[in-house]
Amino acid sequence: MNESITLRKHQRDVVARGIYDDGNLLVAHEVGAGKTMTACAIAYERKRLGICNKPMIAVPNHTLGQWATEYMRLYPSANILVAGKKDFEKKNRRRFVSRIATGDYDCIIMPHSSFELVGLSRERQLSAMQREIDEVTVQIGATKAMEGKKWSLKQMEIFRHNLQTRFDNLYNAEKKDDTIIFEELGVDNLFVDESHTYKNNFSYTKMQRVAGVGGKNSQRAMDMHMKCQYINEITKEHGVTYLTGTPVTNSMAELYVIQKTLQPTEMERRGLLMFDAWASTFGRVESALEIRPEGSGYQMKTRFAKFHNIPELLGMLFMVADIKTSDMLNLPIPRLKTGKFQVVKTRITPDQQDMMDELVERAEAIRNHEVDSTEDNFLKLTNEARLLSVDPRILDERLPSDPDTKLNTCARIVGEIYKESTPQASTQLIFCDKGTPKKDGSFDFYHALKDEMIAQGVKEEEIFFIHDADTDTKKAELLEKVRNGTIRVLMGSTEKMGTGLNVQDKLLALHNLDAPWRPADLTQRNGRILRQGNENEEVSIFNYITEKTFDAYLWQILEQKQKYISQIMTGRSAARSCEDVDEVVLQYAEFKALAVSDPKIKRKMEIDNEIYRLQTVKSAWKTEHTSLQEKIVSHYPNAIKRYMNRIEKAKMDVELFKREKPASFSMILNHRTFEERVAAGEYLKMMLPKLGGNAGDILQLGSYAGFQLFAERDTAFKKVWLCIQGEGKYSVEAGDSAIGNITRLENLADRIESEMKIDENDLEETRQQFEAAKIQVERPFSEEERLAELLQEQVQLNLELEFAEDGGESTENESVRKEGKLYRGLHKQFPEIFNNTYTYMKFKSYGFDDLVLEKIPGGYSMAHYYSQNGDAMRDPEITFDMDDENRLVKPLSFQQDNMGIYYRTCDQPKERVDDLVDFWSQWLKNISEQGFELYEAHGADTQYRNASDIEEGEERE
């Protein structure tokens, strides 16, 4: 080891554990804690001490060069092989893989993409498939089905077939290179950096449609798991090391994937290797009412929501895991300026407020079933709310740039730091997951922010987007320029910049322009600057929040989740249970609460939503209560009777089989006795084509050990079932193998006793459920008292809010809000009349009266015009003035000729003026939906005439 390098205590401890412990290892150290050198030291020392012969490290593609550099810095004389991108091009791949297989290296470092190209042998893949299928078959066979019935063999075979297809799809992909297989490389120790990227490893579960249970699977995750299992086999589970700063990214259920890979023997010993067994031990599935994503009312949602038995779960995890969080380490990382993250709050701009109001209206429309879920839903609103909080121009490019948005605020802060740190050439990172660069010229946050930074004095050539470094070479050159200060502002998303990006050398500030979804993402972001090797002793991390938008809500949720994860992962929490981590989707109450500032209104929205939820829960409870009563009266007694009947028949069949089973094989087929399995199989194969083609057709075959044999057609699933009949009936699917079918029939008879024991267990469980149901049906609704309290609070709040409105203050604020919204709506639809491009504009739409907007003395006029008896009629006309300073519109008069109505607003009561504003807002909305197009316009220096109309006029002439 390089004598000038001294590993820190936590690194030395985990290196010792990696050498002397007799199990696999999870190095879950805080981002920036030096996992790279730790892994290099473990790999080298294991090789030097003869514990392993050929260690391999699989790393993210963009960190390959960093790993090679760090390894050689730690062990300058080491003989390592580094797999570059060109080494795994098709023409070079065989030769390079041969070097791995035949060479004697201290370590092989390979990028993830290349590692995945070296496939396992087909035999091992098929063996793993069969093992998984066998386990699933046993589990399904031992599981009772819904409503007290066991899954039939038909359903079992359907699932088995689907599972087989699923595995075939994963392993028949063209991605694999079969020239040299992984087992032939001689690798006997495997280190996986950023192992959380392989969390989507499929596992069979009976939990269908349960939120929080990851149903995703990927070829790369399954490939990694199987390679790790191969290493486990040849090293007795002492050859796999996982490295990650964020072992839990989105759900505590991810711990199962880690344990299944790193400690399969311990999991199997405890009966937890199958996910359902692990989940029932450590997880809790709860059903609760949630708003449907499309907003069409509530639905009962089953969710893997809580974890319990936390001490026992962590006790088993800590057998392989070495976890170190930032507060457990005394790392030489920069301290935060002000001692904490700096929250930059920006006030919501008028345009943002207007859009938030629209989001609230849309949320209400969704809740009231006024819009189809394919057109609008809460998921769409949540995404738009996130975009809106950064800069509203992402949703409407016609809006002007407002200096008060957090995008422009961020640009100003970046510019100030840039100028102050120019002598040191300090650098800054900006994270933003939304509004990433577009090449079609449409608005995006990246280019808008770049333009604003340039306006603040940042040199254009010193700003770079990580997205523009689209090759490994370009990325390596870019990162080096950031390290030496040539590029001083680097922008990117969590996905592209969050993990493995070591550019901390000159980093002075990091800006989180938007909030990521998961705590792990925020940890990875901040880990880019809070890490060893930064020349700055003090740095800043800015979190930008736009008030009264999604921002504050999302940051609060992130903080709560991170606190939970930290407590649980370090084992310091005394709690035996914790909530799971999941993504956030804003619902109606949150949208409404974010859009208002009165805490009473916010509280009322929360209470209204909770009362609605509880009342629906109570309704569901009543339905469940009625269902439970029905089960007590008929379902459970009938199920118990069925089980007892089946068990009684099985007992007689077991006795028959024991009495009649021949000492050596003997089977009668079509009145002929066969004493050799091969001959019997061939004869049976010749008989089966005689079976009819209709569903339910039966072909008598013969007898075996006192049982009648017959075949039965099942056209629904295009299958033939081989059946034995005693007191009961037992079936198995016929296969293509002649002797295999004989073996199936023999095994079917052998399994009658084991199936009977399963029925006996099911009978006992059903009896227990019967007794539990009798107790449950006597219990009252558990939330009755809380519902009553909330109803009382709701009445009180309604009275207070009604009193406040009578006082006039709330009504006045509402009037100002509506006038402000109308001001922005007019500017949005008719900008040319208000920026003095035109003084007169005429619009036409087929089937509607002409619309005219014009500048008049003292203000503006907006009217629909039509002719009646040669007179120009206005139906209606509103004259108004614009208060540009306060961004409000002031109606001056209203006229409707066909009804003889005219009044000036200054002579009318406030209520009538408010009604006029409401009418005007609806009129403006109708105009936008009626397809009006500009027909004619003119101003002091500009004129316009619709070209298509001119052409039509020329044709008429």
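- The protein is annotated in an unreviewed UniProt entry as DEAD/DEAH box helicase family protein from Hominiventricola filiformis.

**A closer look at the side chain of D193**
Part 1: Residue position: D193 is located in strand β5 (residues 189–193).
Part 2: Discounting chain neighbours no more than four positions away, the residues touching D193 are A58, V59, P60, T63, W67, H112 and L243.

**Remarks on the sheet that holds strand β1 (residues 25–29)**
Strand pairs in the sheet, formed through backbone hydrogen bonds, run parallel or antiparallel to each other.
Part 1: With parallel pairing, seven strands are arranged side by side in an open sheet as β3-β4-β2-β5-β6-β1-β9. Only two strands of the sheet have a single partner each, and these edge strands are β3 (80–82) and β9 (321–324). Within the sheet, the average angular offset between the axes of one strand and its neighbour, ignoring direction, is 15 degrees.
Part 2: Here β1 runs beside strand β6 (residues 240–243); their pairing, made up of three bridges, is parallel. Paired with L26 across the strands is Y242, a residue of β6.

**What about helix α25 (residues 752–776)?**
Part 1: Look at α25: 35 Å from first C-alpha to last across 25 residues, which is about the 36 Å you get at 1.5 Å a residue.
Part 2: Of the positions making up α25, those classed as buried are I752, M756, I758, D759, D762, L763, T766, F770 and A773.

**Side note on the packing of aromatic side chains**
Part 1: Scanning the entire structure with this criterion turns up 22 aromatic pairs.
Part 2: Measuring from ring centre to ring centre gives 6.3 Å for F443 and F445, while their planes differ by 85 degrees; the resulting arrangement is edge-to-face.
Part 3: An angle of 90 degrees between the planes, with centres 5.4 Å apart, marks the rings of Y446 and F465 as edge-to-face. Residue Y446 is located in helix α16 (residues 445–455), and its partner F465 is located in strand β13 (residues 463–465); the two are separated by 19 residues in the primary sequence.
Part 4: Here Y446 falls in the buried class, since its relative accessible area comes to 1%.

**Examining the confidence of the model for the protein**
Part 1: Summary statistics for the protein give a mean pLDDT of 82 and a share of 82% for residues scoring 70 or more.
Part 2: Counting contacts from residues 288–300, a segment whose pLDDT is below 50, to residues more than four positions away or on other chains yields 44 contacts.

**Topic: the sheet that holds strand β19 (residues 672–674)**
Part 1: Here we have six strands laid out as an open sheet, ordered β19-β18-β20-β21-β22-β23, and antiparallel in their pairing. Where the open sheet ends on each side, the last strands, each with one partner, are β19 and β23 (729–733). Mean inter-strand twist for the sheet, computed between neighbouring axes without regard to direction, equals 30 degrees.
Part 2: Here strand β22 (residues 719–725) pairs with β23 via five bridges, running antiparallel. If you follow Q725 over to β23, its bridge partner there is K729.

Definitions and limits used
- Residues numbered from 1 in each chain as written.
- Predicted model: local features only at pLDDT ≥ 70, side-chain atom pairs only at ≥ 80, totals over all residues.
- Heavy atoms only, no water.
- Helix = DSSP H or I, 4+ residues; strand = E, 2+ residues; numbered from the N terminus.
- Contact = heavy atoms within 4.5 Å.
- Pairing = 2+ DSSP bridges.
- Axes fitted to C-alpha atoms, helices over the stretch in contact; angles between N-to-C directions.
- Expected span 1.5 Å × (residues − 1).
- Buried < 20%, exposed > 50% of the residue type's maximum accessible area, 1.4 Å probe, protein only.
- Phe/Tyr/Trp six-rings, centres within 6.5 Å; stacked < 30°, edge-to-face > 60°.
- pLDDT = per-residue confidence, 0-100.

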